Amino acid sequence: MTSATYDSKYAIETRDMHIYYGAFRAVKDVTFGIERNKITALIGPSGCGKSTVLRSFNRMNDLIPGARTEGEVLYHGQNLYGPDVDAVQVRREIGMVFQKPNPFPKSIYDNIAYGPRINGWKGSKAEMDELVERALRGAALWDEVKDDLKKSGLALSGGQQQRLCIARALAVEPEVILMDEPCSALDPISTLKIEELMFELRQNYTIVIVTHNMQQAARASDYTAFFLMDKDDRAGQLIEYDTTNNIFQNPKDKRTEEYISGRFG
Amino acid sequence: MSAEINASGERSTGRLPQGEAVRQNVAVRQRRGRVWEAVLFASTVVGIVILVMLAFNIVNDAFGGIAVQSVVEEEELTDGRQLEALSQQELVGILETNLRSRVLRNLERERPLAERSKEELIDIINQEIIKPEVVAIYPLSEFLFNRPAIEAELAEAFPRAELQFKSWLNWNFLTSPMSSNPLQAGIRTAILGTLSLLLLTILIAFPLGIGAAIYLEEYNSDKPFDERSPVGRWLNRAIQRTAGLIETNIYNLSGVPSIIYGILGLAIFVRALEPITSGAVFGANEGVTANGRTILSAALTMSLLVLPVVIISSQEAIRAVPSSLRQASYGLGATKWQTVWKIVLPNALPGILTGTILAISRAIGETAPLIVIGASTFIVTDPSGLFSKFTVLPLQIYNWTSRPQEEFRAIAAAAIIVLLILLLSLNAAAILLRNYLRSKRIST
């Protein structure tokens with residue numbers, strides 16, 4: 001899927017994307033690009049389709065019966081929804097962190113090793129140890145768990161569990177990491193740690209984050225996309241997309257301004 | 001407390017109790033709760049009482065007293081000495097004086113008496129001369145608490161009889177084959193039959209049931225054909241409708257009386273598939289006499305019987321695996337099969353095993369379908385393979401309880417205890433296994 005010749009500042013680009021759940025159009029007419037090695041926040045009130053858009057980037061919507069996507073989602077210039085693209089391969093390159101921390105009921109080590117193993121890991125045990133350490137260091141969790149890697153992932157605190165999930169995503173060496181409200185189940189201190197981690201990860205990865213927390217979007221992202229539900233057909237649409245600074249200090253659309261100033265949503 | 005509420009009268013709609021009425025209202029509601037608690041307690045007590053009565057009844061029959069009377073008393077033969085204390089020559093002497101010459105000649109022809117051991121000679125004396133015979137049996141409660149009456153009755157009817165305690169459940173009973181003499185009859189054949197039937201049923205029903213449950217839960221919503229062509233759409237819908245129909249029927253099948261499964265088994269496995277279930281096509285000749293009424297037919301029938309329950313409980317266990325785990329697995333680039341095999345199944349296994357073992361332990365107690373497919377009720381040879389005739393514990397019990405002699409009732413009770421122990425240990429195994437698997441997955 002990765003083509004070396006393709007050169008664009010965007011990691012992911014959508015063109016006239018519409019997402020349907022059965023006959024219902026949940027998201028309409030989304031066209032925008034996610035820049036490489038940046039953090040892009042998707043914000044908007046509940047039901048505006050921002051999570052649906054995020055999940056369309058690694059075809060997680062395919063798991064919902066009746067869901068389908070029209071238009072194009074380009075990754076390295078290739079349509080992710082093209083006929084010869086396997087969703088499994090997409091998810092291997094575009095990883096995901098979920099709203100609720102969901103470590104497997106396995107040891108910390110096995111949680112990290114699961115991804116590489118199912119994706120055809122060919123290395124030795126020692127190399128796997130190395131990979132686990134690298135992933136845990138990458139998620140700023142290594143120092144806290146290095147002495148009990150055999151402990152169950154479920155025995156960790158909520159914030160640690162979420163960082164374990166990030167480490168787990170890093171272990172399959174993705175290019176893009178999608179985060180679906182990763183801090184909504186966490187306390188402020190754990191939230192701060194995840195945000196710091198996102199800044200670290202930005203050097204090597206492209207991050208897309210959905211958040212309900214506008215301070216978080218303002219603090220922790222480079223670009224912000226504002227989504228809103230169209231009152232007429234209840235489909236979510238992209239209202240405004242710009243640098244985070246512009247969205248929060250100089251919004252062009254009246255609805256964006258109303259939302260970020262807390263007048264609705 | 002109530003005064004504060006009343007102080008702001010404006011807040012009140014006047015529809016809720018105020019002041020003293022609050023206290024009364026709470027008291028009434030609490031009383032109602034206590035009445036229900038008493039009712040629930042009473043029903044628990046009734047259940048326990050019934051269980052105790054059942055246990056008492058079985059134990060009462062399985063243990064108790066027997067009155068043994070011999071044709072000739074040991075003391076008369078030996079002038080008041082013990083048989084064991086006599087020498088070999090003395091024993092031979094007793095035999096020669098007390099047995100008819102024809103019997104003696106037969107014994108000598110088998111092997112000269114002089115060459116036989118003491119134990120052998122004592123056995124012969126017991127069997128041929130003393131001939132102890134059970135003339136009356138008493139259940140445990142009478143033996144323990146009604147001793148004087150029993151002894152008076154015995155003294156009148158059988159003056160030479162000796163009253164002794166008897167446990168019908170003993171090692172001999174467990175290890176002897178079936179016999180028409182209740183004192184020698186045992187349940188080895190039946191225990192082996194039950195265990196092999198159990199094992200075979202697990203081997204057949206477990207993979208089939210889990211396989212079907214996985215398909216119905218995880219793959220049913222898949223659309224294997226191209227949705228864009230009308231034929232593909234039609235095929236997809238046909239597959240889904242069929243699976244839906246099957247699922248509905250599985251729920252109904254779990255309630256079908258077991259004897260119906262017996263009739264099905266008789267028609268299909270015993271009759272239609274006889275060449276296979278009797279082993280004839282595989283060249284096994286022991287099944288020829290069984291005519292398809294083999295342990296294999298029985299296991300297949302039992303598998304049909306437990307399959308619906310196995311499927312349903314496995315489906316529930318699979319459904320209980322949080323979808324967040326599936327999503328996490330897919331999110332890392334796992335295929336559907338990898339997710340099912342590495343995430344869903346290990347997490348559903350405790351539930352699957354519990355449900356399956358409970359279903360199968362119910363099947364061990366089944367009698368009706370086995371009677372219908374023609375399991376043997378009187379058989380003295382142990383099951384030796386897939387194609388042998390067999391019997392099982394419930395059948396043996398059924399057979400014994402239908403006999404008129406009291407001794408058979410006693411050994412039936414003993415066999416019931418064995419069956420119950422087998423069932424309880426299976427259930428205990430299910431619970432222990434589940435707890436072990438759960439603790440392994442969640443903690444440490």
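Residues numbered from 1 in each chain as written. Chains lettered and ligands numbered in written order. Predicted model: local features only at pLDDT ≥ 70, side-chain atom pairs only at ≥ 80, totals over all residues. Heavy atoms only, no water.

### Observations concerning the overall build of chain B
The number of helices and strands found in chain B is 19 helices and three strands. Relative to the globule expectation of 22 Å for 444 residues, the C-alpha radius of gyration of chain B, 33 Å, shows a markedly less compact shape. In chain B, once contacts between residues fewer than 6 apart in sequence are set aside, the share between residues at least 24 apart is 72%. When the accessible surface of chain B is summed, it comes to about 24800 Å², and 61% of that surface belongs to carbon and sulfur atoms. Distance between charge centres in chain B, computed from 39 positive and 39 negative side chains, equals 16 Å. (Helix = DSSP H or I, 4+ residues; strand = E, 2+ residues; numbered from the N terminus. Rg over C-alpha atoms; globule rule 2.2 N^0.38 Å. Contact = heavy atoms within 4.5 Å. Areas by Shrake-Rupley, 256 points an atom, 1.4 Å probe, with all protein chains shown as cover. Lys, Arg positive; Asp, Glu negative; His and termini not counted. Charge placed at Lys NZ, Arg CZ, Asp CG, Glu CD.)

### Section: unusual backbone geometry
All names here are of chain A. Of note in the backbone geometry, His76 takes a positive phi value of approximately 55° without being a glycine. As for its placement among the helices and strands, His76 is situated in the loop between β4 (67–75) and β5 (78–79). Its identity is not glycine, yet Arg234 carries a phi of approximately 60°, on the positive side. Relative to the assigned elements, Arg234 resides in the loop between β9 (223–229) and β10 (236–243).

### Some thoughts on the interface of chain B and chain A
Contacts between chain B and chain A engage 20 residues on the former and 25 residues on the latter. At the boundary of chain B with chain A, total buried surface from both sides reaches about 1900 Å², with 62% on carbon and sulfur atoms. Inspection of the region where chain B meets chain A yields zero salt bridges. At seven residues, the largest contribution of residues to the side of chain B that touches chain A is made by helix α15 (residues 323–331) of chain B. Split into classes, the residues belonging to the side of chain B that touches chain A amount to seven nonpolar, eleven polar and two charged. (Buried area = accessible area lost by both parts, 1.4 Å probe. Salt bridge = Lys/Arg side-chain N within 4 Å of Asp/Glu carboxyl O. Nonpolar A, V, L, I, M, F, W, Y, C, P; charged D, E, K, R; others polar.)

### A few points about empty space enclosed by the protein
Residues and elements named next belong to chain B. Counted by the stated rule, this structure contains two cavities of 30 Å³ or more. Of the voids in this model, the largest cavity is the one considered here, and its volume is about 90 Å³. Taken together, Thr194, Leu197, Leu198, Thr201, Met302, Ile360, Ala363, Ile364, Glu366, Leu370, Val392 and Pro394 make up the full set of residues lining the largest cavity. Looking at the lining of the largest cavity, the elements that each hand over two or more residues are α10 (188–219) and α16 (336–364). Ranked by residue count, the leading element in the lining of the largest cavity is α10, at four residues. Split into classes, the residues belonging to the lining of the largest cavity amount to nine nonpolar, two polar and one charged. Volume-wise, the second largest cavity comes out at about 60 Å³. Considering the residues around the second largest cavity, the lining is formed by Asn60, Asp61, Phe63, Ile137, Tyr138, Pro139, Trp168, Glu406, Arg409 and Ala410. Contributions of two or more residues to the lining of the second largest cavity are made by α2 (20–62), β2 (132–139) and α19 (406–442). Looking at the lining of the second largest cavity residue by residue, the class counts come to six nonpolar, one polar and three charged. (1 Å grid on protein atoms, 1.4 Å probe; cavity = no way out; pocket = protein on both sides within 12 Å on 5 of 7 lines; lining within 4 Å. Points joined across faces, edges and corners; volume = space filled by probe spheres on them.)

### Thoughts on the environment of Arg134 of chain A
Residues and elements named next belong to chain A. Structurally, Arg134 is set in helix α4 (residues 125–138). Judged by relative accessible area, which is 55%, Arg134 ranks as exposed. For Arg134 and Leu170, which are 36 residues apart along the polypeptide, the C-alpha to C-alpha distance reads 8.9 Å. (Buried < 20%, exposed > 50% of the residue type's maximum accessible area, 1.4 Å probe, protein only.)

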